[in-house]
Amino acid sequence: MIQIARALFISRKDVESYYSKPPLVTWGLLFPAVLMLAIYVKNPSTYLTVAPGIIGMTLLFGNTSMAAIVITWEKRSGTLQRLLLAPVSHQTIVLGKVVSAAAYGVATSTVLTLGLVVLLKMPMVHLPVFIVGLLAGAATFALLGMIIAVRVREVFEAMTLLNFFRFPILFISGVFMPLDALPAWARPIAMVSPLTHTVELLRFGVTGQSWFPTPWIPILVLATMLTVSWLLAGTAFRRHANR
Amino acid sequence: MRRYGDLVALDRVDFTVRRGEIFAYLGPNGAGKTTTINILAGLLHRDAGQVSVCGFDIDREGVAVKQRIGVVPEESNLYPELTCRRNLEYLGQLYGLGRSERRRRVDELLETFDLTEKASVRFRALSRGMKRRLTVAASLVHSPEVVFFDEPTSGLDVPSARTLRELIRTINRHGTTVFLTTHNLAEAEDLSDQVLILIKGKVVTEGATDEIGRQAAGAEILSVVFSANVPVDTLLAACPAVMSANITDEKWRFEVADVHQTTMQIVAWAEKSGLKILKISTETPSLEEAFMAILEKNSAGSEVRR
Ligand SMILES: Nc1ncnc2c1ncn2[C@@H]1O[C@H](COP(=O)(O)OP(=O)(O)O)[C@@H](O)[C@H]1O
Ligand SMILES: [Mg+2]
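Remember, predicted model here, so these are calculated numbers, not experimental data.

What counts as what
Residues numbered from 1 in each chain as written. Chains lettered and ligands numbered in written order. Predicted model: local features only at pLDDT ≥ 70, side-chain atom pairs only at ≥ 80, totals over all residues. Heavy atoms only, no water. Near = heavy atom within 4 Å. Polar contact = N/O pair within 3.5 Å; in protein donor to acceptor, adjacent residues only side chain to side chain. Helix = DSSP H or I, 4+ residues; strand = E, 2+ residues; numbered from the N terminus. Nonpolar A, V, L, I, M, F, W, Y, C, P; charged D, E, K, R; others polar. Pairing = 2+ DSSP bridges. Axes fitted to C-alpha atoms, helices over the stretch in contact; angles between N-to-C directions. Contact = heavy atoms within 4.5 Å. Salt bridge = Lys/Arg side-chain N within 4 Å of Asp/Glu carboxyl O. Buried < 20%, exposed > 50% of the residue type's maximum accessible area, 1.4 Å probe, protein only. Parallel < 35°, antiparallel > 145°, perpendicular 65-115°, else oblique. Left-handed = near helix turned anticlockwise from the far one by under 90°. Phe/Tyr/Trp six-rings, centres within 6.5 Å; stacked < 30°, edge-to-face > 60°.

1. Thoughts on the site of ligand 1
All names here are of chain B. Residues in close proximity to ligand 1 include Tyr 4, Leu 7, Ala 9, Pro 28, Asn 29, Gly 30, Ala 31, Gly 32, Lys 33, Thr 34 and Thr 35, which together make up its full environment. A distance of 2.7 Å is found between an oxygen atom of ligand 1 and a backbone nitrogen or oxygen belonging to Gly 30. Measuring from an oxygen atom of ligand 1, one finds a side-chain N or O atom of Thr 35 at 2.5 Å. Put simply, the parts of the chain that give the shell around ligand 1 at least two residues each are β2 (7-10) and α1 (33-40). Element by element, the count of residues in the shell around ligand 1 is highest for α1, at three residues. Looking at the shell around ligand 1 residue by residue, the class counts come to five nonpolar, five polar and one charged.

Written as structure tokens, this is what we have:
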């Protein structure tokens, strides 16, 4: 309990430190918004098939990038040492950092979603499922970003490493290309990609339909992935944080 | 014990610090001082040995240890983008101080460290001395039982260093145990009750500071450059006050007990031999030299150094 309170203090400080830089927030939104607009202008009738994917993509890029920033920045300036000296466990630090990183993606995706709902009259059939998808996806991506970022010292190194994963999974997770259209070899990869499950939950929330017969499947899969990445992040942190 | 690859950075180092004292951990650069602090503070794992801090095992009860210690690292590691007040406030939150207690403590520390006027200035905008002071203040937010200072005065100008030493004394007078590393013998003598000397990861000597200081005092180094090569035997024969001699490049370094007497002998001898003295100066022996000398004195009465 005490440790959770301390984790939230860590998140709050991170938000103060890193989010006060307005370009960060604008850039996180600008690209997906422009992309969305381009798709809409080209063919207004099909934008709904990609909208959940774009929201998922915003979440993926926003959260992994933010995780890289909140970790490598502090590693470089030596301030991560302050946290390691404080009476907080490694899992507490991971929790604090994940919340602050995830908050960024959640905020940008929410603004994007609100924009779509208001401007393009995007429906929202099942809000609770949408929210679950948003939060579970946000936490998973932030943890995955941390697992990678904690190994390096420079933000750009972390970004390069992250891009090895981020761009490929963008194309096999049902963001731009429907899962049914994927070649057979890509299907199993799509099923282990957390982005697939996040996007399908968002899709169910928006349209009431999804590639999966029930939202419980992606919810359970995401919950499992979240747990595993939580444990992995703890280990990665213990190993690499003080290097 | 701690290894970095093949390098044994700490080798069978064993010591106990008594509650309430100032303990100086003295050694030249690379001796293993920072490594020791990092192990004691739970930042670094050791390869062998036991560590207990404030009665808690560092591995099993790390959080309990961290709650009771403060660390002032070599390089200030506060948040550059936060103000002085927010830095201290944040640490108060991490160490579990309640809101009103936090506010009171932060005000008190800003006052003690003469930073009240800078309370809303960002850390990165402070001068070096102020940065160091705030870093010390930050280590005290939770009123720790032990504070570790890693080379607290290195890189500070003389007045800032003096102020800081005075603050360390004050902190200790209020009952806090102080563990400080330094490569400065005078600083250790000035501040500490107990001193341990570490060279290349090994404990050379340990004891009450006055005692060790007496042993280290004595020898001075006289360095001389002559206009031509000098045969060492004739020189030693002509200048009995020289305790030992060695040469690097052109420069002789003589270990001497009495600077005046030795200088006179060298000058007289150079005059007689038709040599010119191009340079002459005294140097305080490096820590390592001073303590190698102690080591030799301690280890053997039989050794003849001349
Ligand atoms: N991370 C590291 N990797 C490899 N060697 C290291 C590392 N940190 C310190 N060392 C080596 O260990 C020895 C002790 O270092 P350190 O504890 O920093 O000394 P001090 O603080 O007394 O100057 C030095 O020889 C140093 O080069
Ligand atoms: Mg050091």
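We are not done yet, so read on.
2. Some thoughts on the sheet that holds strand β12 (residues 242-248) of chain B
All names here are of chain B. A sheet is described by the order of its strands in space; here four strands give the open sequence β12-β13-β11-β14, paired in antiparallel fashion. In this open sheet, the two strands that pair with only one neighbour each are β12 and β14 (277-283). Across the sheet, the mean angle from the axis of one strand to that of its neighbour is 20°, orientation sign disregarded. With six bridges joining them, β12 and strand β13 (residues 251-256) adopt antiparallel strand pairing. Residue Ser 244 lies in a different strand from β13, and its bridge partner there is Glu 255. In this fold helix α10 (residues 259-273) packs onto β11 (220-226), β12, β13 and β14, with an angle of close to 15° to the strand it touches most, β11.

3. Here we look at the pattern of salt bridges
A side chain with one charge can pair with a side chain of the opposite charge if their charged atoms come near. Residue and element names in this part refer to chain A. Under the defined criterion, the tally for this structure stands at 23 salt bridges over all chains. Ionic pairing is found between Lys 97 and Asp 14, a salt bridge with its closest N-O pair at 3.0 Å. Of the two residues, Lys 97 sits in helix α5 (residues 90-120) while Asp 14 sits in helix α1 (residues 2-19), which places them 83 residues apart along the sequence. The exposure classification of Lys 97 matches that of Asp 14, with both residues buried.

4. Overview of unusual backbone geometry
Unusually for a residue other than glycine, Asp114(B) sits at a positive phi of about 60°. Within the element layout of this structure, Asp114(B) appears in the loop between α4 (99-112) and α5 (128-140).

5. Examining the packing of helix α6 (residues 127-149) of chain A against helix α10 (residues 216-240) of chain A
All names here are of chain A. Packing of α6 against α10 brings their axes to within 9 Å, and their N-to-C directions diverge by 25°. Between α6 and α10, the angle is such that the two are roughly parallel. Considering how the two elements wind past one another, α6 and α10 form a crossing that is left-handed. Every residue of α10 that contacts α6 at Val 132, Ala 136, Gly 137, Ala 139, Thr 140, Leu 143, Leu 144, Met 146 and Ile 147 is listed here: Ile 219, Leu 222, Met 225, Leu 226, Ser 229, Trp 230, Leu 232, Ala 233, Ala 236 and Phe 237. Taken together, the residues that form the contact of α6 with α10 break down as 16 nonpolar, three polar and no charged.

6. Considerations on the pairing of strand β10 (residues 202-208) of chain B
Residue and element names in this part refer to chain B. Bridging between strand β9 (residues 194-199) and β10 involves six bridges; their strand directions are antiparallel. Its bridge partner being in β10, Gln 194 is matched across the sheet by Ala 208. Counting the residues in the hairpin turn of β9 and β10 gives two residues, including Lys 200, whose phi is positive at 50°.

7. Remarks on the packing of aromatic side chains
All names here are of chain B. Inspection of every chain in the model, using the stated rule, returns 13 aromatic pairs over all chains. Measuring from centroid to centroid gives 5.4 Å for Phe 15 and Phe 23, while their planes differ by 25°, and the two rings are stacked. Accessibility expressed as a relative area gives 0% for Phe 23, which makes it buried. Three or more aromatic residues joined by ring pairs make a cluster, and in this case those are Phe 15, Phe 23, Tyr 25, Phe 148 and Phe 179.

8. As for the sheet that holds β10(B)
Residue and element names in this part refer to chain B. Pairing in this open sheet of six strands is mixed, and the strands run β6-β7-β8-β3-β9-β10 from one edge to the other. Looking at which strands have only one partner, the edges of the open sheet turn out to be β6 (69-72) and β10. Neighbour-to-neighbour, the strand axes of this sheet turn through a mean angle of 15°, independent of strand direction. Pairing geometry for strand β7 (residues 146-150) and strand β8 (residues 177-182), over five bridges, is parallel. From the neighbouring strand, Val 146 faces β8, where its bridge partner is Thr 177. Where α5 meets the sheet, it contacts β6 and β7, and its direction lies at approximately 165° from that of β6.

9. Some words on the side chain of Thr36(B)
Its place among the elements puts Thr36(B) in helix α1. Leaving out residues up to four positions away in the same chain, Thr36(B) has contacts with Leu10(B), Phe15(B), Tyr25(B) and Phe179(B).

Geometric descriptors of this kind do not, in isolation, establish any biological role.
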